[in-house]
Amino acid sequence: MSKEVTTGFVCSECGYTSTKWLGRCPQCGMWNTFTEEKAIRTHKTGTEVARSSVLSAVPYEAEFRFESGISELDRVLGGGIVHASSVLVGGEPGIGKSTLMLQVAAGCSARRKVLYISGEESSSQVRQRAERLGLDLNRINILCETKLEPILYVLDTEKPQIVIADSLQTLEKDDIGSSAGSVTQMRTCCMEITSHAKANGTSVFFIGHVTKEGVIAGPKIIEHMVDTVIYFEQASMGVRLVRAVKNRFGSVDEIGIFLMTSHGLEGVADPASFFISKREETTLPPGIAFTAIVEGTRTFIVEIQALVTDGKSGIGRVYSDKIDSSRVLRVAAILERHAGILLANKDIYINVAGGMKVNDVSAELAIALALKSAYSDKGIDSKTVSFGELSLAGEVRPVGFADRRMKAAAEMGFTSAIIPESRNNETGIKPKICGRIRDAVNYIS
Ligand code: TYD
Ligand code: MG
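**Concerning the site of ligand 1**
Move 1: By nearness alone, 16 residues border ligand 1, and Gly94, Lys97, Ser98, Thr99 and Thr261 come closest of all.
Move 2: Thr99 has a polar side-chain atom sitting 2.5 Å from an oxygen atom of ligand 1.
Move 3: When ligand 1 sits alone it has 560 Å² of accessible area, and the protein chains cover 73% of it.
Move 4: Of all elements in the fold, only helix H2 (97-109), helix H3 (123-132) and strand S13 (255-261) reach the threshold of two or more residues within the shell around ligand 1.
Move 5: Broken down by element, the shell around ligand 1 gets its largest block of residues, 3 residues, from H2.
Move 6: The class makeup of the residues in the shell around ligand 1 is 4 nonpolar, 8 polar and 4 charged.

Here it is in structure tokens:
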């Protein structure tokens with residue numbers, strides 16, 4: 001093998017490489033993100049024999065997945081941890097990544113050999129945390145190390161079946177010439193540990209910190225190198241949501257819901273009504289509408305809140321961080337054009353009770369109704385739920401899983417539903433059909 005050392009510049013945001021320094025990255029458009037890094041290329045020389053094999057000759061993996069012991073996490077992963085897979089676990093500092101992964105280590109340790117690599121905390125800190133969580137200390141091995149070579153040595157000699165690397169940003173390979181946390185270091189360490197894990201049937205979790213903008217600090221390229229990427233998201237105080245944004249072995253629409261308690265993260269097993277507050281009144285305060293959203297195999301009832309005030313600057317603004325502001329703007333424009341509700345010079349605030357981010361298009365009708373209710377200062381009936389997508393022409397369109405949404409609403413005690421159509425409804429909920437947004441807002445009187 002021959003070695004060749006080259007110096008290059010790497011964009012710390014997207015991983016774009018260039019032979020000279022650039023002020024602005026041509027790939028992601030960010031300014032001042034280029035750092036100089038040495039790259040060492042090794043060229044294999046000599047003849048190495050490679051051979052393909054027929055698919056039917058590939059050994060069959062009987063146990064493809066196994067449970068992590070944390071059912072909410074298994075749900076997000078698509079039914080459990082996949083044998084020899086790599087998972088990137090992202091989230092802001094302090095959100096609970098290390099806590100959850102230590103719980104996973106304990107959950108798997110009865111049947112599998114687990115290694116927790118800590119580059120951030122000392123072994124006694126990890127021990128203290130495990131004690132506080134009430135975990136079995138005898139079955140989890142800890143290695144406090146940041147250097148790649150000794151880590152690979154331990155993987156080779158001890159052959160753990162599950163490895164947790166906390167965190168990716170602390171890992172470093174000696175001869176790379178850039179510091180831990182740089183693009184090249186993260187890429188190299190992730191790649192070497194992953195390929196070692198694949199070859200040995202080990203499942204590996206990399207913990208990665210996320211910047212304020214919600215991306216793993218470092219390039220997207222890390223996301224491409226692993227099989228699965230899951231992100232922690234903070235909903236309301238103490239509530240943590242875990243979502244998959246990439247999953248080579250399952251869908252990405254399941255969410256895991258956890259509560260941070262004094263003994264770690266606890267899964268919320270029955271979350272259908274978790275995000276709404278029960279109300280005694282028959283009419284809701286103005287500005288509130290309930291909707292039913294579908295996330296993977298589960299259906300949730302959520303409360304959309306709207307507040308409409310006179311625009312302070314003469315031009316209306318939208319303040320909404322749980323629902324995409326452009327969606328709210330579009331709904332406001334549809335209301336203005338097709339239902340005569342003048343919102344152009346108003347400030348609009350939209351919130352989702354419980355802090356869950358809502359991306360489901362089915363919430364558009366409820367956003368419109370919450371806005372109309374806030375605008376006219378008239379409350380909606382507290383036992384009414386609504387769902388439907390709005391078209392720019394002012395129509396209310398049917399959405400998928402209507403029967404599941406109706407069933408969830410019926411179970412939560414709702415008695416009527418403002419919806420675009422009703423087919424074989426067996427729930428006993430009274431449908432209030434509306435084909436156009438103009439008809440829908442008339443249900444608020
Ligand atoms: P941690 O897992 O260290 O976060 P991360 O690895 O994502 O940076 O979680 C830290 C927070 O969780 C910390 O503020 C303390 C809190 N916590 C609890 O509330 N209960 C517990 O049992 C534990 C271990 C932590
Ligand atoms: Mg941590």
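Next, the rest of the story.
**Some points on the pairing of strand S16 (residues 298-310)**
Move 1: As paired strands, strand S15 (residues 288-295) and S16 are joined by 8 bridges and run antiparallel to one another. Bridge assignment links Glu295 to a residue of S16, and that residue is Arg298.
Move 2: Examined bridge by bridge, S16 and strand S18 (residues 346-352) share 7 bridges and lie antiparallel to one another. By the bridge assignment, Ala306 is partnered in S18 with Ile350.

**Here's the deal with the state of the cysteines**
Move 1: Counted according to the given criterion, the structure contains 0 disulfides.
Move 2: Sulfur of Cys190: no disulfide; nearest cysteine sulfur belongs to Cys189 and is 8.7 Å away.

**Here we look at helix H5 (residues 183-200)**
Move 1: Here H5 is 18 residues long and its end C-alpha atoms lie 26 Å apart, about the 26 Å a rise of 1.5 Å per residue gives.
Move 2: Looking one or two places after H5, you find Gly201, whose phi comes out positive at around 70 degrees.

**Some details on the sheet that holds strand S7 (residues 114-118)**
Move 1: Strand order in the open sheet formed by 9 strands is S8-S7-S9-S10-S6-S11-S12-S13-S14, with mixed pairing between adjacent strands. Only two strands of the sheet have a single partner each, and these edge strands are strand S8 (140-144) and strand S14 (264-267). Averaged over all neighbouring strand pairs, the angle between strand axes comes to 25 degrees, with direction disregarded.

How each quantity is defined
- Along each chain, numbering runs from 1 in the same order as the chain's sequence is written.
- The lettering of chains begins at A and the numbering of ligands begins at 1, in the order of writing.
- Residue-level local features of this predicted model are given only where pLDDT is at least 70; pairs of side-chain atoms are given and counted only at 80 or more, and the full residue set underlies all totals for whole chains, interfaces and linings.
- Only hydrogens and water are removed before side-chain values are computed, so all heavy atoms of the structure are retained for them.
- The nearness test applies per residue and asks whether one of its heavy atoms lies within 4 Å of the molecule or strand.
- Any pair of N or O atoms that falls within 3.5 Å is considered a polar contact. Within protein, one atom must be able to donate a hydrogen and the other to accept it, and sequence-neighbouring residues count only if both atoms are side-chain atoms.
- The accessible surface values rely on the Shrake-Rupley method and a 1.4 Å probe; as for residues, cover is taken only from the protein chains in view.
- Elements are defined by DSSP. Helices are runs of H or I of four residues or more, strands are runs of E of two residues or more, and each kind is numbered from the N terminus.
- For this classification, the nonpolar set comprises Ala, Val, Leu, Ile, Met, Phe, Trp, Tyr, Cys and Pro, the charged set comprises Asp, Glu, Lys and Arg, and every other residue, Gly included, is treated as polar.
- We call two strands paired when DSSP finds no fewer than two bridges between them.
- Put simply, a disulfide is two cysteine sulfurs that come within 2.5 Å.
- A helix is expected to span 1.5 Å for every residue after the first.
- Lines fitted to the C-alpha atoms define the axes, with helices restricted to the stretch that makes contact. Angles between their N-to-C directions range from 0 to 180 degrees.

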